Structures are given as structure tokens and as C-alpha cells.
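Notes for the structure review
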Amino acid sequence: MQKLLIRGPTRLRGTIPASGAKNAALPILAACLLCDEEIELRNVPAVRDIRTMLQLLEHLGVENERLGDAVILRPTGRVSPDEAPYELVKTMRASVLVLGPLLARRGHARVSLPGGCAIGVRPIDLHLTGLEALGAAVELEHGYVETRAGQLEGARFRFPQPTVGGTENLLMAACLARGTTVLENCAREPEIVDLARFLVAMGAGIEGAGEDTITIEGRDRLGGARHSVISDRIQDGTYLIAGVLTRGDVTVEGARPADLAPLLEKLDEIGARVDVGEEHIRVRHEGAIKPRGVVTEPFPGFPTDLQAQYMTLMTQADGVSTVSETVFENRFQHVPELVRMGADIHIDGTYARVHGPSALSGTSVMATDLRASACLVLAGLVAEGETFVHRIYHLDRGYEQMESKLQQLGARVERVD
Ligand code: UD1
């Protein structure tokens, strides 16, 4: 199995390009099931979750061709199953995003239940009650969810709490429902806005994406489209945190400042210099890092997907900071590994106190999930000596060429067997 070897400490300096957003590309790829015409997507990151989704689409009758950062998708028209099997869903929870489009277009969908994952239970009950509100019949049997509907009917549905995947599934399904659908208490993440832009390019009638209430006018059919995926705020944010952490000077070209506002405000508060252009972000830092707490929240709050990386940064702050995780119930699995590297962190439920600054030292650490892996790589950049991050298949799910980007910034990082 491959691992990453990081030799620290390093000071990162330089410019790297942003990558396309995995979490925007995944629902957009699922939305290709809503039509039978060719679709061209650009800025699609070459990461493992995207390959899994392309595999799932092939299984469902949509072929793909990769040309650089673009992917062309062509529905084959051949008879194919309306099913996302366990083998694919177990490796990527976002496979449940085919549920809404399949149901809306083919009247039937059978998707393996994703079950628990490393960061918490993560049910899909809200996706299902939302689809029921549009007239679908839902059954759970043999570990699969099976949904049927003759013709989905527009309806008013209020999410009891915001859910990113749930909002995306309902948004896609409602595009082919009869009449008007009003979704309330929606998630407002930039990835949802990007999905809506793509659906509108396919001919959908959508207003309010990025706001609390989204209104969708159902259409009889959607057509082919071309679309460029937004850049990945989580990957970009990870490199910006790394820049401050290593007291370096890092610019990400193509990053979207508005999507990263909650992080940039924090970096500014802790004393970093943050320069923002229309399409780039530069951070610089020297000297002490001020301790500042974060509370993770749905967008526009501080993203849970940057919590672990931010915690690594706080291990180097001058004083005590707190990290409160409100989105997932089990998202501190990186903490024991950071502690093994010398960090001083105490957990109480979903609340952590970080005492800094700690002199970190390199050792072998185990990645447990995607973002936890990234925080351990960052820790390796400031640790004395060699850090081996094991199980980097988690990292490869969502970071595009992480080691080569870090090398471009001057880090001594390599992938070893
Ligand atoms: C998406 C992101 C993930 C990010 C998360 C929160 C993708 C592919 N993944 O995940 O990287 O960490 O948003 O920003 O875009 N919940 C329920 N019932 C449901 C659905 C959700 O209880 O039916 C709960 C979840 O357990 C969690 C919370 O709602 O506690 C938020 O989850 P959700 O926004 O749905 O996250 P995902 O779409 O799974």
C-alpha cells in the first residue's frame, strides 16, 4: 500500500493552480442521467471519487471520454439497470446522488444504502422523505432503497435541517416533476449553486439556488449542455492553511474568495496577511500565530471539511483555541494521530481544546478519512523529521496531485510503496 513521506519542517512558497471541485462535479455528473444528449464538462478533477461516479454512470448506460480536464458524457440508449450496487456505493457515499435523477427520468431507482462511514452515521432519511413529498413510493429492503413514481409531482417541502446531498437530490428530481416545487431550508453551499447553473444550462427552471428557498418549475425534458465546474474551496483552503502554518507565502490561482470567506476571515484574525484578487488568493505569514476558535456550520459558516486542517494550524498557535464540530458527530479521528506527533489536544464530545504551540515530530500516522488525511500531511510539513502518512487512498479520493502541488511549493514530499 502506498504512503506519503514528508520531510519537515518546510516553509511553503509559490503559486499553484486550483483544481475543479469534486463535490460540485459529483452531483453534476449524476445530473447527466436527466437527459439523453451529449454533455461536456470542463475542470473535472482527476480524483478517485470522480472515477467511481464515472464507473457508476457507465453501469447506468452513460459512456464517458476524458480529454485533459474535460469529460464528455454520452448516453448510449442501451437498456441498463436503474441500480447503484453496493460495490460502488460502499466506496463512495455520493453514489446516492443518482437516486433523484434516475427516479425522475426512469420512474424507478434502486440504490444501496450507504450505511455509516468513518465520520458518523450519515443517514439519507431526508433525501427519502423529500422524494416521497414529490410523490415517490419508497421501500427499504435487503440493504437497498427502492423508489418508484409514475410522474413526480411538484410540491412544497421543508428540510428539517440543511443537507447538501439531500438538497441536490431533490433539486435534480424536481426539474422533471410536473408543476412547481418549492424547497425550504435548503443547504446553500457553492456546489449547489454550481449544480443549479448546470441544470439551467440543460433547460431547467430554477430560482434561488444558494438561498434558503429554491423554486423549481418542472420541465418535460432537459437537453445536453456544456459547463465548467467551479474550483474546489476545500483543496484550495487546505493549501492556504498550509501556507500560514509553515510561515510561508502561498498563492492559489483560480481560487474563489467568496466561497472561502469563512476561512479567510479566520486567517486574517490569526494574523496572516490575506490578499484577494478576483480569481486568486495569496496568504503570507511570519511570526506568531494567534489562537482563534472555530465552530463548523453549514455554508456560509466555517466548513466541516476544513476543520481537521485548521486544527493542525492551531497546534502551532500561541495559546489555547477551541474547535467545535456541529455537522458530524464523529469527526475528530485525526486527533489521536496529531497527539502522537506531539500535539496537545483534549476532546470532550464534539468539542476540542487545542493548546499550542507544540513542537511536532515526525512518525508513522494513519489516515482515517479524506480530510483527516490532509491534516496529517499538513502536520508533517511542520514536524521535525520524517512523517509517513499511511492509507492515502483516502487522500486520493479528493485531492488532485497533492504531492506534486506541495512539491511545487517547495515541500519535500514523496509517494512511497
Ligand atoms: C456533503 C459533502 C461533504 C461535507 C458535507 C457537509 C459531498 C459529496 N459531500 O456531504 O464533503 O462534509 O456535505 O458540508 O458533497 N443528514 C441526515 N439525514 C439526511 C442527510 C443528512 O441526518 O438525509 C445529516 C448528516 O448525517 C450530517 C448533516 O445532516 O450530520 C449534514 O450532512 P449533508 O449536508 O447531507 O452532507 P453530505 O451531503 O453527505
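Residues numbered from 1 in each chain as written. Predicted model: local features only at pLDDT ≥ 70, side-chain atom pairs only at ≥ 80, totals over all residues. Heavy atoms only, no water.

**Considerations on the overall build of the protein chain**
- The secondary structure content of the protein chain amounts to 14 helices and 24 strands.
- Its C-alpha atoms give the protein chain a radius of gyration of 21 Å, near enough to 22 Å, the size a compact globule of 417 residues would have.
- Overall size of the protein chain, expressed as C-alpha extent along the three principal axes, is 60 × 45 × 40 Å.
- For the protein chain, the proportion of its 417 residues judged to be buried stands at 57%.
- Within the protein chain, contacts between residues at least 6 apart in sequence are counted, and of these 73% link residues at least 24 apart.
- Looking at the protein chain as shown, the accessible area adds up to about 15900 Å², and 46% of this sits on carbon and sulfur atoms.
- Each charge class in the protein chain was averaged separately, 44 positive and 56 negative side chains, and the resulting centres sit 3 Å apart. (Helix = DSSP H or I, 4+ residues; strand = E, 2+ residues; numbered from the N terminus. Rg over C-alpha atoms; globule rule 2.2 N^0.38 Å. Buried < 20%, exposed > 50% of the residue type's maximum accessible area, 1.4 Å probe, protein only. Contact = heavy atoms within 4.5 Å. Areas by Shrake-Rupley, 256 points an atom, 1.4 Å probe, with all protein chains shown as cover. Lys, Arg positive; Asp, Glu negative; His and termini not counted. Charge placed at Lys NZ, Arg CZ, Asp CG, Glu CD.)

**Comments concerning helix α8 (residues 233-245)**
- Here α8 is 13 residues long and its end C-alpha atoms lie 18 Å apart, about the 18 Å a rise of 1.5 Å per residue gives.
- By the criterion of burial, α8 is predominantly enclosed, with 13 of the 13 residues buried.
- The opening residue of α8, the one whose side-chain oxygen lies 2.9 Å from the backbone nitrogen of I234, is D232.
- Positive backbone phi, approximately 55 degrees, marks R247, located one or two places after α8. (Expected span 1.5 Å × (residues − 1). Polar contact = N/O pair within 3.5 Å; in protein donor to acceptor, adjacent residues only side chain to side chain.)

**Considering the site of the ligand**
- Around the ligand, 18 residues are found, and the nearest of them are D125, L126, T163, D305 and V327.
- One of the side-chain N or O atoms of N23 is found 3.1 Å from an oxygen atom in the ligand.
- A distance of 2.7 Å separates an oxygen atom of the ligand from a polar backbone atom of L126.
- If the ligand stood free it would expose 750 Å²; the protein chains cover 86% of that surface.
- Looking at which element gives the most residues to the shell around the ligand, the answer is helix α5 (residues 125-133), with three residues.
- Along the lines of polarity and charge, the residues of the shell around the ligand split into seven nonpolar, six polar and five charged.
- Two domains share the shell around the ligand, each providing at least three of its residues, namely domain 1 (3-19 + 231-416) and domain 2 (22-228). (Near = heavy atom within 4 Å. Nonpolar A, V, L, I, M, F, W, Y, C, P; charged D, E, K, R; others polar. Domains from an automatic or database assignment.)

**What about the sheet that holds strand β3 (residues 39-42)?**
- With respect to topology, four strands assemble into an open sheet ordered β4-β5-β3-β14, the strand pairing being mixed. The open sheet has two free edges, formed respectively by β4 (62-67) and β14 (225-228), since each of these has just one partner strand. Neighbouring strand axes in the sheet, compared pairwise and without regard to direction, differ in orientation by 15 degrees on average.
- Pairing of β3 with β14, which is carried by four bridges, proceeds in the parallel orientation. The residue bridging R42 from the neighbouring strand is S228, located in β14.
- Against the sheet, helix α7 (residues 190-201) contacts β3 and β14, and its axis sits at roughly 155 degrees relative to β14. (Pairing = 2+ DSSP bridges. Axes fitted to C-alpha atoms, helices over the stretch in contact; angles between N-to-C directions.)

**Side note on the sheet that holds strand β20 (residues 344-348)**
- As summarised here, the arrangement of the four strands in space is β18-β19-β21-β20, forming an open sheet in which the pairing is mixed. Both outer strands of the open sheet, β18 (294-295) and β20, are each paired with one neighbouring strand and no more.
- Pairing of strand β19 (residues 319-324) with strand β21 (residues 351-356) involves six bridges; the strand directions are antiparallel. Pairing of S324 across the sheet is with Y351, part of β21.
- Packed onto the sheet, helix α10 (residues 307-314) meets β18, β19, β20 and β21 and runs at close to 30 degrees relative to β21.

**Notes on the packing of α8 against helix α9 (residues 261-269)**
- At a minimum axis separation of 11 Å, α8 and α9 run at an interaxial angle of 5 degrees. Considering their axes alone, α8 and α9 lie roughly parallel with respect to each other. Contacts from G237, L240, I241 and V244 of α8 reach α9 at L263, L264 and L267.
- Classifying every residue of the contact of α8 with α9 by side-chain character gives six nonpolar, one polar and no charged. (Parallel < 35°, antiparallel > 145°, perpendicular 65-115°, else oblique.)

**Regarding the domain arrangement of the protein chain**
- Here the protein chain is partitioned into domain 1 (3-19 + 231-416) and domain 2 (22-228).
- Here domain 1 and domain 2 have C-alpha centroids that lie 30 Å from each other.
- Between domain 1 and domain 2, the residue contacts involve 25 residues of the former and 19 residues of the latter.
- Approximately 1800 Å² of surface area, both sides summed, lies buried where domain 1 meets domain 2, with 49% of it carried by carbon and sulfur atoms.
- Together, F299, F328 and R397 form the three largest contributors to the area buried by domain 1 at its contact with domain 2, with a combined 31%.
- Applying the counting rule to domain 1 against domain 2 returns two salt bridges.
- Counting the contacts that link domain 1 with domain 2 gives seven residue pairs in polar contact (both at pLDDT 80 or more). (Buried area = accessible area lost by both parts, 1.4 Å probe. Salt bridge = Lys/Arg side-chain N within 4 Å of Asp/Glu carboxyl O.)

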